[in-house]
Amino acid sequence: MMDEIRLKPNREKSLKRKHPWIFSGSVQEVVGNPIMGETVKVVSFEGEVMGYAAYSPHSSIRARMWSFNVEREIDEEFIADKLRVAITLRDSLHFINSNNNACRLINAESDGLPGLIVDMYSDLLCVQLLCAGPELWKDTIIKNLVLITGIEKIFERSDVKVRKLEGLAPRKGALSGEKPEIHIEIIENGKRFLVDIVNGQKTGFYLDQRDNRQKIKQFSENRKVLNCFSYTGAFTVYALEGGAQHVTSIESSKEAIDLAKKNLHINNLPEEKTSWINGDVFKELRLLRDKGLSFDMVILDPPKFAPTTAQVRSASRGYKDINLLAFKLLNPGGILATFSCSGGVDRLLFQKIIAGAALDANIDAKILEHLSQGADHPVALNFPEGAYLKGLICHVAEK
């Protein structure tokens, strides 16, 4: 008999809306002794079977739903089918083509595979197992990824803090095939980029910004650009291709700057039109302000300030601070491209923060475009938390 988690009264409402998370405070009791990641039957207080979930005894998210179909067994075939459906969607939308050989193949909850991230970089897959469910099914996942994609090189980047909340140790290394080179080359929108799969941020590259980088290119012509949190220089490359006069990039990692310069070189872009600042963005923006410098475009693509709603207040201060400084550095008629990847900060709050920054900077600005993650990072309608990336392109009024 399958182990069960039984819910407290009226705690099945979110499951009725097919939200995949069950928090510890919703659980009345655990029947049996399920191990970490084991599939459990989810039962309401009234005894209604709601579906099947992966059990995580150490996490505040005590279980993540695999399926709301009570007739469907969670087995190897189920996992393989979910992988196949997600990858077929990407194939049908032609994300991989002559101009692009990198995309997200599996986007966790929004693809019905909670906690599983799979990114494709040319002939290599990079995998993150973020919670107990995919951890238990790891061998099945890897076997079927090879079968479905034909790609044998699979590297794991489960060296993330969130695994600690699950009671899982961080892990990194080759799961299939040979260990990748330190840097592998990908093509994005016809441009070449070197990606550090082994030690880079996330799985090595911010694939979710692909479409937004094209937008930045369109606004860059004849502008002096300041690219903050520049990482390996993707926005810098696009801005120069768009005809920017000069791009100043700020990044705290010397290794990332070194790789960014290589990305500039392999795209045959002029180094004399760039300058690089290895430092803390908050500090460097203040120094630029104090020097009286100004720019025609500022790009703010910071790391995650608020992973959850618990950090929203401090994160809001951080976003307000950098956007206020950015507005003060912009010339009249300038463009601010600003982003948040914090799940705890929703789109409406982010816009309010930017509006407050403009007010404090004593400038008038308007939104030209709302930006989000690319379509290879889909958002399930029953999982709004999946819409983590928010962006605005704002125009500063002429005085």
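Our structure is the block above this text.
Residues numbered from 1 in each chain as written. Predicted model: local features only at pLDDT ≥ 70, side-chain atom pairs only at ≥ 80, totals over all residues. Heavy atoms only, no water.

### Re the sheet that holds strand β1 (residues 4-7)
Sheet architecture is open: 6 strands sit in the order β2-β6-β5-β4-β1-β3, paired in mixed fashion. If you trace the sheet from one side to the other, it starts and ends with β2 (21-23) and β3 (27-31), each paired once. On average, each strand axis in the sheet is tilted by 35° relative to the strand beside it, whichever way the strands run. Looking at chain direction, strand β5 (residues 49-55) and strand β6 (residues 61-67) are connected through 4 bridges and run antiparallel. Bridging across to β6, Tyr-55 finds its partner in Ala-63. (Pairing = 2+ DSSP bridges. Helix = DSSP H or I, 4+ residues; strand = E, 2+ residues; numbered from the N terminus. Axes fitted to C-alpha atoms, helices over the stretch in contact; angles between N-to-C directions.)

### Concerning the packing of aromatic side chains
Under the criterion given, the structure shown has 10 aromatic pairs. A centroid spacing of 5.8 Å and a plane angle of 25° characterise the contact between Phe-235 and Phe-339, whose relative ring orientation is stacked. With Phe-235 in helix α7 (residues 234-241) and Phe-339 in strand β18 (residues 330-340), the pair connects residues that are 104 residues apart, well separated along the chain. No difference in accessibility class separates Phe-235 from Phe-339, as the two residues are buried. With a centroid separation of 6.1 Å and 35° between ring planes, the pair formed by Phe-282 and Phe-305 is classed as tilted. With Phe-282 in helix α9 (residues 281-290) and Phe-305 in the loop between β17 (295-300) and α10 (312-329), this residue pair connects regions lying 23 residues apart in the sequence. (Phe/Tyr/Trp six-rings, centres within 6.5 Å; stacked < 30°, edge-to-face > 60°. Buried < 20%, exposed > 50% of the residue type's maximum accessible area, 1.4 Å probe, protein only.)

### Thoughts on the environment of Met-65
In this fold, Met-65 is placed in strand β6. The exposure class assigned to Met-65 is buried, which follows from its relative accessible area of 3%. Sequence-distant contacts of Met-65, that is, excluding residues within four places in its chain, are made with Leu-15, His-19, Pro-20, Ile-22, Val-42, Met-50, Gly-51, Tyr-52, Ala-53 and Pro-114. (Contact = heavy atoms within 4.5 Å.)

### A word on helix α11 (residues 347-360)
Given a rise of 1.5 Å per residue, 14 residues ought to cover 20 Å, and the 20 Å separating the end C-alpha atoms of α11 matches this to within 8%. For α11, the complete set of buried residues consists of Phe-350, Ile-353, Ile-354, Gly-356, Ala-357 and Ala-358. On the buried face of α11, the contacting elements are α10, β18 and β20 (390-396). Its side-chain oxygen at 3.3 Å from the backbone nitrogen of Leu-348, Asp-346 defines the N-terminal cap of α11. (Expected span 1.5 Å × (residues − 1). Polar contact = N/O pair within 3.5 Å; in protein donor to acceptor, adjacent residues only side chain to side chain.)

### Digging into the pattern of salt bridges
Under the counting rule described, the total for this entry stands at 27 salt bridges. Two residues, Glu-109 and Arg-64, come together in a salt bridge whose shortest N-O distance is 3.7 Å. Of this pair, Glu-109 sits in the loop between β7 (102-107) and β8 (116-121) while Arg-64 sits in strand β6, and the two are 45 residues apart along the sequence. Three or more residues are tied together by salt bridges with common partners; here these are Glu-135, Glu-156, Arg-163 and Arg-171. (Salt bridge = Lys/Arg side-chain N within 4 Å of Asp/Glu carboxyl O.)

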